[in-house]
Amino acid sequence: TKRWDVTNNNDHSKLRIEEAARMLKAGQTVAFPTETVYGLGADATSEDAVAKIFQAKGRPQDNPLIAHVATKEQLQKLVQDIPSYVDKLIDTFSPGPITFVLPSNGACADNVTAGLSTVGVRIPDHPVAQELLKTCTIPIAAPSANLSGKPSPTTADHVWEDLQGKISGIVDGGPTGVGLESTVIDCSQSIPIILRPGGITKEQLELVVGHVMVDPALANEQEKPKAPGMKYTHYSPEVPLWVVSGTVDKLREIVEKERKRGKRVGVLASTETANILEVKPTMNLGSTIQEIATNLYDGLRKFKQSDVDLIICEAFPEQDIGQAVMNRLRKAATQYIEA
Ligand code: TXA
Ligand code: MG
C-alpha cells in the first residue's frame, strides 16, 4: 500500500495526486480524504475495480456505493433527468456533505448500485478530493475507507490501521472536518426522504424545498431501512458501548458501579461533562456538537485499542449535526440507558 502525504499542499502534492489518479484510472483502489470521512475509491464504471472495494472492506454485496464526482456536469452524466427541486438542492448544498439518490442511467457499474435502479451521487467539498476527482475525470465509487463494521476513518492512520496491504494507496490529506458521513437523501420521488442523517440537516434542507421526509426506519428499529447500509450495526468498537442519557451525577453513578464490579471503564463526553465528571480515562470530545462529531470516531477507535472493558458515552442533544451523532451512537451502542 502506497502512502502519499499531501498535507502541505505544494508542487509535490500535485504530482502525488496525479499518481493516485493514474492508479484509479488503471482500476486500482485508492483511499482519499473528503470533508466527511476518508473514502476508498475505485473507477465507478468498472465492475472489476469496484469488486476490489468490496473485497478489501469485507463489505456485504447488497450494500450500494456512492459515486463521487467533482462537478454538477459530471453528476448529470450518471443519472436520469434531475427534477427541479433536486437541482435546487444540488446548487445549494454541493459541493458538500450530502449524497443524492437518483434514478441511475446505467453509467455506473452494476455492483456500484448493488443492482438497484437508483444511484447515490455526491460532490465532496475537500480540496484534495476535488483535485483528485478533477484529475481522474471518471466517477469514483467510494464507501468509507474502513473495514466493514468498524467506525469510519477520519485520518489516514485510521485507514492504514484497517486496510494496509489490502488496497493500492492512501492519499493523506490530514484529519477530515465534519467527522461523520454525508446526509443520504432519496430524491427518486416527488418528496425527498432522508435515509441517513449527516452534515446537512433536515431543517437546512426544508429551507430550500419545503417538505422533507425521514425514513421511518431511523426512528423505529422494526422498520426495514431504505438505505441498505443502515441495517448493519455500523461503527461498533470491539468493546461494548453504553450510551447514557441523564444528568452528570447519573453518569458518574453508572461508571462507579461498573468499576466496583471490576470493569475498566472509559468515558466519552463533552468538555463540559468531562470537567464535572473528573473520572479517568475520559476522552474529551470537544465543547460544541460540531467538535463532538469531528472527534467521535477517533474516540471510539482509541478506546477500542486501549485497555478498557466498557466504553460509556453520554447522549448529546439532537440539534444540528447532533441528530447524526446520536444516529451513529445508537447504531454503535450495545445498550442505551435512560438514567
Ligand atoms: O460521507 C460519505 O458519504 C462517505 C464519503 C467517503 O463520501 N461515504 C460513505 O459511504 O459513507 P458508505 O458506503 O459507507 O455509505 C453509503 C450509504 C450506505 O448506507 C448505502 O446503503 C447508502 O449510502 N446508499 C448508497 N447508494 C444507495 C442507493 N442507490 N439507494 C439507497 N441507499 C444507498
Ligand atoms: Mg461506511
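Residues numbered from 1 in each chain as written. Chains lettered and ligands numbered in written order. Predicted model: local features only at pLDDT ≥ 70, side-chain atom pairs only at ≥ 80, totals over all residues. Heavy atoms only, no water.

Asks: Would you mind going over the site of ligand 1 with me for this structure?
Replies: Near ligand 1 you find 29 residues, and of these Thr36, Asn63, His68, Ser182 and Gly229 are the closest. In this structure, an oxygen atom belonging to ligand 1 sits 2.9 Å away from a side-chain N or O atom of arginine 59. Proline 228 is positioned with one of its backbone polar atoms (N or O) 3.4 Å from an oxygen atom of ligand 1. Here ligand 1 loses 98% of its free accessible area of 690 Å² to cover by the protein chains. Elements supplying a minimum of two residues to the shell around ligand 1: strand S4 (66–68), strand S6 (118–122) and strand S10 (193–196). Broken down by element, the residue count for the shell around ligand 1 peaks at four residues, all from S6. Residues of the shell around ligand 1, tallied by class, amount to 15 nonpolar, nine polar and five charged. (Near = heavy atom within 4 Å. Polar contact = N/O pair within 3.5 Å; in protein donor to acceptor, adjacent residues only side chain to side chain. Areas by Shrake-Rupley, 256 points an atom, 1.4 Å probe, with all protein chains shown as cover. Helix = DSSP H or I, 4+ residues; strand = E, 2+ residues; numbered from the N terminus. Nonpolar A, V, L, I, M, F, W, Y, C, P; charged D, E, K, R; others polar.)

Asks: Looking at this structure, I do not really get the sheet that holds S10. What am I missing?
Replies: Paired through their backbone hydrogen bonds, the strands of a sheet run either parallel or antiparallel. Ordered in space as S1-S8-S2-S3-S7-S4-S6-S5-S9-S10-S11, the eleven strands form an open sheet in which the pairing is mixed. What marks the edges here is a single partner per strand, and that holds for strand S1 (2–5) and strand S11 (213–214). As defined by bridge partners, S1 adjoins strand S8 (residues 169–172) across four bridges and the pair is classed as parallel. Bridge assignment links lysine 2 to a residue of S8, and that residue is glycine 169. (Pairing = 2+ DSSP bridges.)

Asks: Can you walk me through the sheet that holds strand S14 (residues 282–284) in this structure?
Replies: Read from one edge of the open sheet, five strands run S14-S13-S15-S12-S16, paired in parallel fashion. Since the sheet does not close on itself, it has two edges, and those belong to S14 and strand S16 (335–338), each with one partner. Sheet twist, expressed as the mean angle between neighbouring strand axes with direction ignored, is 20 degrees. Note: strand S12 (residues 241–245) against S16, four bridges, orientation parallel. Within the sheet, the bridge partner assigned to tryptophan 242 lies in S16 and is glutamine 335. Packed onto the sheet, helix H10 (residues 289–305) meets S12, strand S13 (265–269), S14 and strand S15 (310–314) and runs at close to 170 degrees relative to S13. Across the sheet, helix H11 (residues 322–332) touches S12, S15 and S16, and the angle it forms with S12 is around 130 degrees. (Axes fitted to C-alpha atoms, helices over the stretch in contact; angles between N-to-C directions. Contact = heavy atoms within 4.5 Å.)

Asks: Honestly, the UniProt feature "binding site: L-threonine" (unreviewed entry) in the protein chain in this entry has me stumped. Any pointers?
Replies: Residues given the UniProt feature "binding site: L-threonine" (unreviewed entry) here are Thr36, His68, Arg122, Ala142 and Ser182. Separation in sequence by 147 residues is not matched in space for these annotated residues, since their most distant C-alpha atoms are only 12.8 Å apart. With residues near it in sequence (within four places) discarded, histidine 68 still touches Arg122, Pro124, Leu133, Pro139, Ile140 and Ala142. Side-chain polar atoms of histidine 68 contact the backbone oxygen of isoleucine 66, separated by 3.2 Å. Within the secondary structure, arginine 122 is located in strand S6. Excluding residues that lie within four positions of it along the chain, arginine 122 makes contacts with Thr34, Glu35, Thr36, Ile66, Ala67, His68, Val69, Gly96, Pro97, Ile98, Thr99 and Ser182. (UniProt positions renumbered as here; feature names shortened; annotations may be inferred.)

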